[in-house]
Amino acid sequence: MEARKKAVFLDKDGTLIDDVPYNADPRLITLSDKAGAGLRLFDRLGYRLLVVSNQPGIALGRFDEAALAGAHRRLDRLLEREGVRLDGYYYCPHHPDGPVGAYARSCDCRKPQPGMLLRAAAEHGIDLSASWMIGDILHDIEAGRRAGCKTILIDNGNETEWMLSAMRMPDLTAPNLQAAALLAAAWTDAANTLHGERDEAR
């Protein structure tokens, strides 16, 4: 039986790319600081790279769902220049207060709910306990913790409410994705060392 894989679940707007509210225009998409370097390191460490993104602009009528395809193609091209390939995109088009009827509802995929992560893990054979959720607000952290992942908050100023709880406390914080990858690598090394010491003590 094939071993289950590990993944990094990435918020998109404000984490992987610079945050432009409700944007689906490819011309306005730019990679966030040191995103390419961070993803290259995660790739070398053997992680699948999966985007999990709330897109309430669809439910709010700011853009059509079809517009995301162009945004994703633009992001793929930017990452190709960095020598990185994403393994999948998952997004939630819903918002309970949206005027677009088909999308105006509560759901289990809109972060902080973990639905996107659970779906991605099922489709890609991911071991959630060996995986990371990385985002720039505490809703991302809560979604990751609810799914059973370790979590990293990109502390770049995008979280402004700081409504903390046990489910919204990140395991680690970092200023950008490269720093996040270095911290995750060090965490994994420390955990592997600890497990080895425990095995030797038995």
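Residues numbered from 1 in each chain as written. Predicted model: local features only at pLDDT ≥ 70, side-chain atom pairs only at ≥ 80, totals over all residues. Heavy atoms only, no water.

By size, the foremost hydrophobic cluster in this structure holds 30 residues, and its most contacted members are Leu-16, Leu-39, Leu-86 and Ile-134. Looking at this core, the elements with two or more residues in it are β1 (7-10), α1 (35-44), β2 (48-54), α2 (67-81), β4 (132-135), β5 (150-154), β6 (172-174) and α5 (177-201). Residue contributions to this core peak at 5 residues, all from α5. Within the second largest apolar cluster, 18 residues are counted, among which are Leu-117, Ala-120, Met-133 and Ala-147. (Core = buried A, V, L, I, M, F, W, Y, C linked by side-chain atoms within 4.5 Å. Buried < 20%, exposed > 50% of the residue type's maximum accessible area, 1.4 Å probe, protein only. Helix = DSSP H or I, 4+ residues; strand = E, 2+ residues; numbered from the N terminus.)

Applying the stated criterion to the full structure yields 0 disulfides. In this model Cys-92 remains outside any disulfide bridge; the closest cysteine sulfur is found in Cys-109, 3.4 Å from its own. Cys-92 sits in the buried class, given a relative accessible area of 0%. (Disulfide = S-S within 2.5 Å.)

For helix α3 (residues 115-124), the complete set of buried residues consists of Gly-115, Met-116, Leu-117, Ala-120, Ala-121 and His-124. Check the buried side of α3 and you find it contacts β1, β2, β3 (88-92), β4 and α4 (138-147). Looking one or two places after α3, you find Gly-125, whose phi comes out positive at around 65 degrees. (Contact = heavy atoms within 4.5 Å.)

A separate point is the pairing of β2. Most of β2 sits inside the fold, with 6 of its 7 residues counted as buried. In terms of strand pairing, β1 meets β2 through 4 bridges, oriented parallel. The partner of Ala-7 across the bridge, within β2, is Arg-48. Taken together, β1, α1 and β2 constitute a β-α-β crossover, and its handedness is right-handed. By the bridge criterion, 5 bridges tie β2 to β3 in an arrangement that is parallel. Counterpart to Val-52 in the pairing with β3 is Tyr-90. Considered for its hand, the β-α-β crossover made up of β2, α2 and β3 is right-handed. (Pairing = 2+ DSSP bridges. Right-handed = clockwise from strand over helix to strand, strands pointing away.)

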